[in-house]
Amino acid sequence: MENEKVLLVIEDEPAILIFLRSSLEEHGWEVLEARTARIGLDMAAKKKPDAILLDLGLPDKDGLVALKELRKWTSAPVIIISARGQENDKISGLDAGADDYLTKPFGINELLARLRVAMRHSEEKPEDAAPVYDHEGLKVDLIGRHVWLKKKEIHLSPLQYDLLAVLVRNAGRVVSQKQLMKEVWGETRDVTPELVRITVHQLRHKIEPDPVRPRSLKTEPGVGYRLEAES
């Protein structure tokens, strides 16, 4: 198939590889396999895949080390797939340059959705106009700096708007607390995860019909936040 996207899977579990190959090929992906970090890095350089799935528990090298090496020369989307479900592992992966993180076991539909979002972000050009986000009645115009809920314009504080704008630009992807602190508050202020949590709490009360059961702004416990992808 001429328009197939190429996906490199760096993973050493045979059962996972079989599952991924059979499932992803059905959805138009050409799947390349590497069972060690060394082979994976070599294949990534030679084949230049459109996206990469990376396990952390590789036999020859920790996946985070491999990820840092990849990020020295490629901007291809990288989604970590790992049995390590600890919050620190997720944060470390995102901070090292991963676009997303899936904990095993996961379903193919969830993986495909994450791949679609990661690919969409990788294809966006820096000069593209800022997007208009629209999901579950929440609409955000980053060009005009307007926010609507159920077609009624709502007013946010500058801090709340800046936080929402970062999430909109990364819609569908988890944004770590560390990234939010850096992009919203900058390097000069003394900011804590608690301040991020309070700001998100305040924001939810303005942009969610039911803040207790949010539809758009979701929490990734201990890691960060995700604004659901557009409808």
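Residues numbered from 1 in each chain as written. Predicted model: local features only at pLDDT ≥ 70, side-chain atom pairs only at ≥ 80, totals over all residues. Heavy atoms only, no water.

A. How the structure looks around the pattern of salt bridges. Under the definition given, this model contains 18 salt bridges. As a salt-bridge pair, D210 and R213 come within 2.9 Å of each other at their nearest N and O atoms. Overall, the relative accessible area of 60% leaves R213 in the exposed class. Taken together, the shared-partner salt bridges connect D100, E110, R114, E220 and R226 into one network. (Salt bridge = Lys/Arg side-chain N within 4 Å of Asp/Glu carboxyl O. Buried < 20%, exposed > 50% of the residue type's maximum accessible area, 1.4 Å probe, protein only.)

B. Geometry of the sheet that holds strand 6 (residues 132-135). Taken in spatial order, the 4 strands make up an open sheet running 6-7-8-9, and their pairing is antiparallel. This sheet does not close on itself; its edge strands, each paired only once, are strand 6 and strand 9 (152-154). Recorded for the sheet is a direction-independent mean angle of 20° between the axes of neighbouring strands. Here 3 bridges tie strand 8 (residues 146-149) to strand 9, and the two strands are oriented antiparallel to one another. Counterpart to V147 in the pairing with strand 9 is I154. (Pairing = 2+ DSSP bridges. Helix = DSSP H or I, 4+ residues; strand = E, 2+ residues; numbered from the N terminus. Axes fitted to C-alpha atoms, helices over the stretch in contact; angles between N-to-C directions.)

C. Molecular detail of the packing of aromatic side chains. One pass over the structure, following the stated rule, counts 1 aromatic pair. Just above the ring of W148 sits the side chain of K139; from NZ or CZ to the centre is 5.8 Å. (Phe/Tyr/Trp six-rings, centres within 6.5 Å; stacked < 30°, edge-to-face > 60°. Lys NZ or Arg CZ within 6 Å of the ring centre and 35° of its normal.)

D. Region of interest: helix 8 (residues 193-207). Taking 1.5 Å of rise per residue, 15 residues should cover 21 Å, and helix 8 covers 21 Å from first to last C-alpha, within 8% of that figure. Every buried residue of helix 8 is accounted for by V196, T199, V200, L203, R204 and I207. Down the axis of helix 8, the buried set is contained in an arc of 140°. They therefore lie on one face. (Expected span 1.5 Å × (residues − 1). Arc of directions from axis to C-beta.)

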